[in-house]
Every structure is written in C-alpha cells, then in structure tokens.
Amino acid sequence: MNTENKNRKIFVRRRSGFTLIEIMVVVVILGLLAALVVPNIGSNVSEAQRTAARTQIGQLEQTLQMYHLHNGFYPSTQQGLEALVTAPTTSPVPRRYQQGGYMKKVPEDPWGNPYVYRNQNGQPLIISYGPDGEEGGEGVNADITNND
C-alpha cells in the first residue's frame, strides 16, 4: 500500500497545470490590455512620423545650405533636390559642385512620398504633404515645411 500512495502523489503532481478556464482568463486579460494600449500607440506613431519628417527636412535644408556655400545659389525648382545627388547640367550649372555630390540619395518622407522642393526667390522651400500625400490639409494631414 505504501507504494500505491507514492504513485498517486506522483500522478497528482504531474496533473497539476493550467486549466482551460485559467488560460481563458489570461487571454481575456491580455485582450483588455491590448485594447487599452493600442489606441495610444497609434497616435504616437502619427506624431513620430511628423517628427521624422521635420528632422529629414532639417537635414535637407542643411545640405542645401552646404550646396549654397559652395556654389553661391540654391538649385532651381526644376533641378530639385536631385541636384544634391548629381551635378545639374541645366542652368544654373554649379561651378564648384562637390565631388561625389552632397548626399547619396534623396530620402522619401515617412509616408513614402517624395519631398517637394521649390526655389522661391532664391530661398529653398522643402515640403512634405503628410500622410494624405496632397497639398494642404489640416490636423494630422497638414503639410510640413522648413518654414514651420
């Protein structure tokens, strides 16, 4: 009988684990936590993308200033930001263009759209149209520029 009692204790210890109800309670709790956390993360992602766009625009502006220091003028609107990657061949042609260019490639904005460049009376304007990819907009769809 002594051996039989030992076998029962071992059997009982091996059966101890999570029941289906306990697992379901944990899943429900995780679902509730996710429902509370995910909306907060969503709004933070939008603001992080806008911050990333502002940062990239600032970097593009600094690179354009370097171009201006070397050449005495900013690229024309027609030459665009590509003038920072390869030397323009259309007027105005820079005479002291930095060998290898000023950057390897022009980045896209955080939403996968190209930045818009305009030379306005000799001053650079860099624009991201935001998540909607269209000029104008309000709130989260508002344009981001180097003049903000």
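Before reading on, note that the structure itself is shown above.
Residues numbered from 1 in each chain as written. Predicted model: local features only at pLDDT ≥ 70, side-chain atom pairs only at ≥ 80, totals over all residues. Heavy atoms only, no water.

Draft legend 1. Structural context of the overall build of the protein. Along the backbone of the protein there are two helices and three strands. Scanning the protein from its N terminus toward the C terminus, one meets helices and strands in the order α-α-β-β-β. Nonlocal contacts in the protein, meaning residues at least 24 apart in sequence, comprise 42% of its contacts between residues at least 6 apart. Per element, the accessible surface of the protein, about 10,600 Å² overall, is 57% carbon and sulfur. (Helix = DSSP H or I, 4+ residues; strand = E, 2+ residues; numbered from the N terminus. Contact = heavy atoms within 4.5 Å. Areas by Shrake-Rupley, 256 points an atom, 1.4 Å probe, with all protein chains shown as cover.)

Draft legend 2. The arrangement of the nonpolar core in detail. Of all hydrophobic cores here, the largest spans 19 residues; its most connected members are Leu60, Leu64, Leu81, Leu84, Tyr115 and Ile126. Ranked by the residues each element gives to this core, the list is headed by helix α2 (residues 20-71), at five residues. (Core = buried A, V, L, I, M, F, W, Y, C linked by side-chain atoms within 4.5 Å. Buried < 20%, exposed > 50% of the residue type's maximum accessible area, 1.4 Å probe, protein only.)

Draft legend 3. Structural context of unusual backbone geometry. Cis geometry is adopted by the peptide bond preceding proline 92, which originates at serine 91 and carries an omega value of -5°. Assignment of secondary structure puts proline 92 in the loop between α2 and β1 (116-120). Of note in the backbone geometry, asparagine 121 takes a positive phi value of approximately 55° without being a glycine. Among the secondary structure elements, asparagine 121 is positioned in the loop between β1 and β2 (123-128). Overall, the relative accessible area of 81% leaves asparagine 121 in the exposed class.

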